[in-house]
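As a plain string of letters, each chain reads:
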Amino acid sequence: MKSKNNFKFYSTKTLVILTVIILSVLNVESSYSQNYRNAKAYINDFGKNELFVKESLMEYSTSIIDASPQERIEHTMERIYTKLEDINSNLMKNDIGLFGDTDLRTAFLKLNSKTVTLLKNKALKLNDYEIQSALNYPEIFKNFSYKELQISNYYSEILAYENAKREFGLKYNVLIRAYNKKNVFEYNAYENLIFYKLNVLDDKLTDLLKGSDISKVNECINYLVSKGQDGYLKTSLYKNDFTDTSLNDANIEFINFMLKQKQEIIPLYEDYLRATADLQKIKSKFVENNELVSVDEYNLEVKKFNKSKNTFFDTVYENQIKKKDLINRWYITNSDFLKHNIEFENLYERFANTN
């Protein structure tokens, strides 16, 4: 471990969320190009493709691959959306619908195409803290708004597909297991977006604290506080969406920690900058102006500087350690929340109810 005197600012641990799909157990490409005796047979077979996409979403939300090379990430993502595109091509070629009715197929193709688009344009990517933090604030906030809009549009598309399933069932007198609860993926995405925004701004703050521009540091911490306050408002709105409030509570804890930095770190940073400036002044008196400076006076400034510097760096070091632990616990909470609240386990065999 690095010593405190040689302290290095560590970036927030990168969370890489990927879709890891087990293709061998789904075998979706041989499900069509056949005539069906009835609506129930068609809808149950059709459910294999829906399960594929929903399991992809689940894996996308739960798979945490830490420190993976970027090339491997890109290769994995390309394999995923290529497979989704292949499914669409296969459906267009082989799924002739039920008695020529392709409405359900059309709705699924639209949803699947949207999934591919989001994977390609990285709209659901919520781990690129370092890249985003290097942008200027208008670009950062534009990215936040873009992701929020894309998430909203995507889950509206999911809702449209669920409605298409219900309409298909009513048309052919089949009771389809449409998902009529609050969408756990959508809830999870919005909770993750709160976490993402804070991490992007905190990464920027961490980098700025390495420098000596107090105005830029204050600007960043104020934006961080603003997004934290927005996070408080949203967690208040989300708190009754699920009986399991663990992820919402974890975000509130994370917001509390982030906002405390303004009181616990910024004053120490300002004091460190003042001590640095004072030490430079007394050095310049001697070096540049050739003025006499007493040893006691010089030693006093050095002592003040060392105390200020050590206090600041020690506090930031301890803060980073606590932050790392908090983030790790947040990841676990996020994963556990999904495991406890996703209900797709019987969908493959029971896409349509038996009655």
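A quick note: this is a predicted structure, and the numbers were derived from the prediction, not measured. (Residues numbered from 1 in each chain as written. Predicted model: local features only at pLDDT ≥ 70, side-chain atom pairs only at ≥ 80, totals over all residues. Heavy atoms only, no water.)

**Let's talk about the packing of helix α6 (residues 184-208) against helix α10 (residues 295-341)**
Running from N to C, α6 and α10 cross one another at 170°; their axes reach a closest spacing of 11 Å. On the basis of their axis angle, the class for α6 and α10 is roughly antiparallel. Facing α6, whose interface residues are Val 184, Tyr 187, Asn 188, Glu 191, Asn 192, Phe 195, Asn 199, Asp 202 and Thr 206, α10 presents Gln 320, Lys 323, Ile 327, Trp 330, Tyr 331, Asn 334, Phe 337, Leu 338 and Asn 341. For the contact of α6 with α10, the class distribution of residues is eight nonpolar, seven polar and three charged. (Axes fitted to C-alpha atoms, helices over the stretch in contact; angles between N-to-C directions. Helix = DSSP H or I, 4+ residues; strand = E, 2+ residues; numbered from the N terminus. Parallel < 35°, antiparallel > 145°, perpendicular 65-115°, else oblique. Contact = heavy atoms within 4.5 Å. Nonpolar A, V, L, I, M, F, W, Y, C, P; charged D, E, K, R; others polar.)

**What to know about the environment of Phe 108**
Summarising the element assignment, Phe 108 is placed in helix α3 (residues 103-121). Through-space distance from the C-alpha of Phe 108 to that of Leu 91 is 9.5 Å; in sequence the pair is 17 residues apart.

**Focus: the nonpolar core**
With 83 residues, the main nonpolar core has Phe 168 and Phe 312 as its most contacted residues. Per element, the largest residue contribution to this core is 14 residues, and it comes from α6. (Core = buried A, V, L, I, M, F, W, Y, C linked by side-chain atoms within 4.5 Å. Buried < 20%, exposed > 50% of the residue type's maximum accessible area, 1.4 Å probe, protein only.)

**Overview of unusual backbone geometry**
Of note, the phi angle at Phe 99 is positive, near 55°, even though the residue is not glycine. Structurally, Phe 99 can be placed in the loop between α2 (70-94) and α3. Of note in the backbone geometry, Asn 173 takes a positive phi value of approximately 60° without being a glycine. Along the polypeptide, Asn 173 turns up in the loop between α5 (137-172) and α6.

**So, the packing of aromatic side chains**
Per the stated rule, a full pass over the model turns up 24 aromatic pairs. Measuring from centroid to centroid gives 5.3 Å for Tyr 154 and Tyr 155, while their planes differ by 70°, and the two rings are edge-to-face. Judged by relative accessible area, Tyr 154 falls into the buried class, the value being 1%. You can call Tyr 155 buried: its relative accessible area is 7%. Both rings, one in Phe 242 and one in Phe 337, keep their centres 5.6 Å apart while their planes meet at 80°; by these two values the pair is edge-to-face. Taken together, the residues span a long stretch of sequence, with Phe 242 in the loop between α7 (214-238) and α8 (246-264) and Phe 337 in helix α10 at a distance of 95 residues. Taken individually, Phe 242 and Phe 337 each receive the classification buried, so the pair is uniform in this respect. (Phe/Tyr/Trp six-rings, centres within 6.5 Å; stacked < 30°, edge-to-face > 60°.)

**Focus: α5**
With 36 residues, α5 should reach 52 Å at 1.5 Å per residue; the first-to-last C-alpha distance of 53 Å fits that figure. Its side-chain oxygen 3.0 Å from the backbone nitrogen of Glu 139, Asn 136 forms the N-cap of α5. Backbone geometry just downstream of α5 places Asn 173 in the positive-phi region, at approximately 60°. (Expected span 1.5 Å × (residues − 1). Polar contact = N/O pair within 3.5 Å; in protein donor to acceptor, adjacent residues only side chain to side chain.)

Interpretation note: all reported values are geometric properties and have no functional meaning in isolation.
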